[in-house]
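Residue strings, one per chain:
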Amino acid sequence: MKSWSFFSGISAGVVFFFTAVALPPVAAAVIEHTFVVSQMNMTHLCKETLVTVVNGQLPGPAIDLREGDSVAVHVINKSPYNITIHWHGVKQWLNCWYDGVPMITQRPILPNTEFTYRFNVSGQEGTLWWHAHVPLLRVTLHGALIIRPRDGPSSYLFPKPDKEVPIIIGEWWDKNLTGVHMNMTNGFFDDFNSASTINGKLGDLFNCSGVPEDGFMLDVEAGRTYLLRVINAALFNEYYLKIAGHKFTVVSADANYVNPYTTDTIAIAPGETVDALVVADAPPGRYYMVALPNQAPPPNTQTPEYTTRGMVQYSSNHGKDDVPVVPEMPDEHDSITSFYFHGNLTSLRHRQSSTPVPVEADESLFVLLSLGSICRNGGESCKRGDSKESRILANMNNVSFHLPAATATPILEAHYYHNGMDDTLQLPDGPPVMFNFTDRELIPFGPKEMHLEPTSRAKLVRRFPQGTTVDVVFQSTGVLQGDSNPMHLHGHDMLVLAQGLGNYDAARDVATYNLVNPPRKNTVLVPNLGWAAVRFVADNPGVWYMHCHYEFHLSMGMAAVFIVADGPTEDTSLPPPPVEFSTYGFDNNLIMSN
């Protein structure tokens, strides 16, 4: 086992210098969109598939705004599914009502109904995204949310690019996603995607009767600089992204500026965003852009993984039929490249990150991210392991998040009106038993892991007084799997103080904490068989979902609700529900169906 400090292993980077220039203020605007959610047929791999999309697009429309703007998105649900839209990474200050999580913050938007989301984006710059927050549908219901500086591109904290390009890595499923979700929630995991995508295109590694699928094409001009806004919208996989013959200068992650550094590989997990500059400085030609999914090595269960690729083509090379250059990719079982990529992220101090890092925490949690099982008969005694008597669940400290089927009131509403919160369970400070969490012998079914399986199900919450500084150590385990875990916290950014491989040891690892310039993230990748230590200030009143962004972990219950109490003042207290909720949301007959 080993730990890693953010103060070591920093790769050689690019140093940028900034000069403050007084500019006239730019008035804030209201950015309005209409999202029509409907179904359409799309054909890939010689098969026509019915998919759910926004405005007939995949990916969906990008929301482009400036810091300080307000956003209104009118959602018209013409699909057969209950829908909510989550604005991933938007802090929603004093605006938890519009966070978009079904039965956590709102009732879902039922078929043939409408709902309008309204929120302000202040104090954030960079790339975020939006997606459906209902089981599996985010695979086709997603799009970029781009926040530019208030004073325009000239005030970027990096050289102004010549062009900006969203790069959304995703998956193509030719299956009934409702059926896939039901299989997962019942403990069956035999469904997999059919391809990976870049901006909705499968690329020429896939074909229909020998005819290659279309791929994403980026035309570039020699000497120009391109800002790639990279988003991982996939359900199941972290990806490595490379462009043959080119390097990235990473300048932002999760809409937070980072100290720029140069790398030839971006590692990005579901939910994460990365902004990176690419200079078109290679000899004119064609260069593949490759996105390769990784997975934990055996004895973990091995699943089909599909690499996809697009093309970077120099404008001076049009019409030439030369052979594209292919990048050398990491191995699909390589997790160390990801470990060091994420470790190289450090915050760039600037006008919106001037808040100092809290030196100490008021509360500390040690959260075990694991798999376990419950008995299908509803009792506490049954055969575990590879048995039909038990059902595999994901959990946090041996509790799997579960909303009872009879739940009629969203948790936010129950919290605000102090009604209906008696059936919650407090997330424990730590796991019920201590063991060698990262023992690889726990991965396969067998007698060694069986006694660790028993798991409970509950409406799992953790309450924090207003302004509490919270430390959380997320520890991945080897129980039935050795996967990483991209943990996403709604309504807040987390400071990533350190990460390590193996078991966390406070006596050893606290000394490695970066209290100078830790990266600020809304989604933190907890390494395979490793840990990540984060710190955040619970200062945004309301009800906030904390969950793994791997869809199978979320569907299996790796989630909890963090409840931040009101403070003594108006600007530390959650306002009443908006008008839309009085006419739409508060109807106890509207129950979410899964």
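Residues numbered from 1 in each chain as written. Predicted model: local features only at pLDDT ≥ 70, side-chain atom pairs only at ≥ 80, totals over all residues. Heavy atoms only, no water.

An unreviewed UniProt entry lists the chain under the name laccase, with Eragrostis curvula as the source organism. What UniProt states about the chain under its Sequence similarities (unreviewed entry) heading is, verbatim, "Belongs to the multicopper oxidase family." Turning to the chain, the UniProt record has this under Function (unreviewed entry): "Lignin degradation and detoxification of lignin-derived products." (UniProt positions renumbered as here; feature names shortened; annotations may be inferred.)

A. Seen up close, the packing of aromatic side chains. All chains considered together, the criterion is met by 29 aromatic pairs. On the numbers, 5.7 Å between centres and 40° between planes, the contact of Phe-366 with Phe-437 is tilted. Remark: Phe-437 occurs in the loop between β26 (424-426) and α4 (447-450) and Phe-366 occurs in strand β23 (residues 363-375); sequence separation between them is 71 residues. Note on Phe-366: relative accessible area 15%, which makes it buried. (Phe/Tyr/Trp six-rings, centres within 6.5 Å; stacked < 30°, edge-to-face > 60°. Helix = DSSP H or I, 4+ residues; strand = E, 2+ residues; numbered from the N terminus. Buried < 20%, exposed > 50% of the residue type's maximum accessible area, 1.4 Å probe, protein only.)

B. Focus on the nonpolar core. One finds Trp-87 and Phe-474 to be the most contacted residues of the largest nonpolar core, which totals 95 residues. Sorting elements by how many residues they give to this core places strand β35 (residues 559-564) first, with six residues. Not counting the four nearest positions on each side in its chain, Phe-474 is found in contact with Val-367, Leu-369, Met-487, Met-494, Val-526, Gly-530, Trp-531, Ala-532, Val-534 and Met-546. By size, the runner-up hydrophobic cluster in this structure holds 41 residues, among which are Val-165, Leu-218, Ala-276 and Met-311. (Core = buried A, V, L, I, M, F, W, Y, C linked by side-chain atoms within 4.5 Å. Contact = heavy atoms within 4.5 Å.)

C. How the structure looks around the pairing of strand β15 (residues 225-232). Within β15, eight of the eight residues are buried, which leaves the element mostly enclosed by the surrounding structure. Going residue by residue along β15, you find Thr-225, Leu-227, Arg-229 and Ile-231 tucked away on one face and Tyr-226, Leu-228, Val-230 and Asn-232 tucked away on the opposite face as well. Pairing analysis gives seven bridges linking strand β10 (residues 163-172) to β15, with the strands arranged parallel. If you follow Glu-164 over to β15, its bridge partner there is Leu-227. (Pairing = 2+ DSSP bridges.)

D. Representation of the sheet that holds strand β6 (residues 85-88) in the model. Read from one edge to the other, the open sheet built from four strands follows the order β4-β9-β8-β6, with strand pairing classed as mixed. Of all strands in the sheet, those with a lone pairing partner are β4 (63-66) and β6, marking the two edges. Between one strand and the next, the sheet's axes are offset by a mean angle of 20°, whatever the strand orientation. Across four bridges, the pairing between β6 and strand β8 (residues 126-132) is antiparallel. Bridged to Trp-87 within β8 is Trp-130. (Axes fitted to C-alpha atoms, helices over the stretch in contact; angles between N-to-C directions.)

E. Inspection of the state of the cysteines at higher detail. Scanning all chains against the criterion turns up two disulfides. Here Cys-46 is linked by a disulfide to Cys-208, with a sulfur-sulfur distance of 1.9 Å. Between Cys-46 and Cys-208, the disulfide has an S-S torsion of 105° and is therefore right-handed. Highlighted residues: Cys-46 in the loop between β2 (30-44) and β3 (47-54) and Cys-208 in strand β12 (residues 207-208), separated in sequence by 162 residues. By relative accessible area, Cys-46 is classed as partly exposed at 43%. Here Cys-208 falls in the partly exposed class, since its relative accessible area comes to 26%. (Disulfide = S-S within 2.5 Å.)

F. Seen up close, the pattern of salt bridges. In this structure the tally under the stated criterion is 23 salt bridges. Across the pair Arg-150 and Asp-69 runs a salt bridge whose closest N-O atoms are separated by 3.1 Å. A residue pair is termed long-range when its members are at least 10 positions apart, and Arg-150 in the loop between β9 (142-148) and β10 and Asp-69 in the loop between β4 and β5 (70-77) qualify at 81 residues. On the accessibility criterion, Asp-69 (3% relative accessible area) is buried. The closest approach of N and O atoms between Asp-204 and Arg-309, which form a salt bridge, is 2.6 Å. Here Asp-204 is found in the loop between β11 (195-198) and β12, whereas its partner Arg-309 is found in strand β22 (residues 308-314), with 105 residues between them in sequence. On the accessibility criterion, Asp-204 (30% relative accessible area) is partly exposed. Linked by salt bridges that have partners in common, Asp-64, Arg-148, Glu-164, Arg-229 and Asp-275 make up one network. (Salt bridge = Lys/Arg side-chain N within 4 Å of Asp/Glu carboxyl O.)

G. Structural detail: unusual backbone geometry. Residue Pro-59 is reached from Leu-58 by a cis peptide bond, and omega for that bond is -5°. When you line up the elements, Pro-59 lands in the loop between β3 and β4. Going from Pro-298 to Pro-299, the amide bond is cis rather than trans, its omega being 15°. One can find Pro-299 in the loop between β21 (286-293) and β22. Positive phi values are uncommon outside glycine, yet Leu-45 reaches one of about 55°. Mapped onto the elements, Leu-45 comes out in the loop between β2 and β3. Of note, the phi angle at Met-103 is positive, near 65°, even though the residue is not glycine.

H. Main features of the environment of Gln-481. By the element assignment, Gln-481 lies in the loop between β28 (468-476) and β29 (485-489). The class of Gln-481 is buried, set by a relative accessible area of 5%. Remark: the alpha-carbon pair of Gln-481 and Pro-299, spanning 182 residues in sequence, is separated by 8.3 Å. Those residues within four positions of Gln-481 in sequence are excluded, and the remaining contacts are Asn-300, Leu-371, Ile-443, Phe-552 and His-553. A polar contact of 2.9 Å, which involves the side chain of Gln-481, links it to the side chain of His-553. (Polar contact = N/O pair within 3.5 Å; in protein donor to acceptor, adjacent residues only side chain to side chain.)

I. Representation of helix α1 (residues 177-185). Within α1, the full set of buried residues consists of Leu-177, Val-180, His-181, Met-184 and Thr-185. Taken down its axis, α1 places every buried residue within 130° of arc, on the same side. On its buried face, α1 sits against β24 (390-396) and α6 (551-555). For α1, the N-terminal capping position is held by Asn-176, with its side-chain oxygen 2.9 Å away from the main-chain nitrogen of Thr-178. Once α1 ends, the next one or two residues include Gly-187, with phi positive near 90°. (Arc of directions from axis to C-beta.)

J. A look at the pairing of β11. Side chains Ala-195 and Thr-197 of β11 all project onto a buried face; the interleaved residues Ser-196 and Ile-198 project onto the opposite face, where all are buried too. Sheet analysis places β10 next to β11, joined by four bridges and oriented antiparallel. Note that in β11 the partner of Trp-172 across the bridge is Ala-195.

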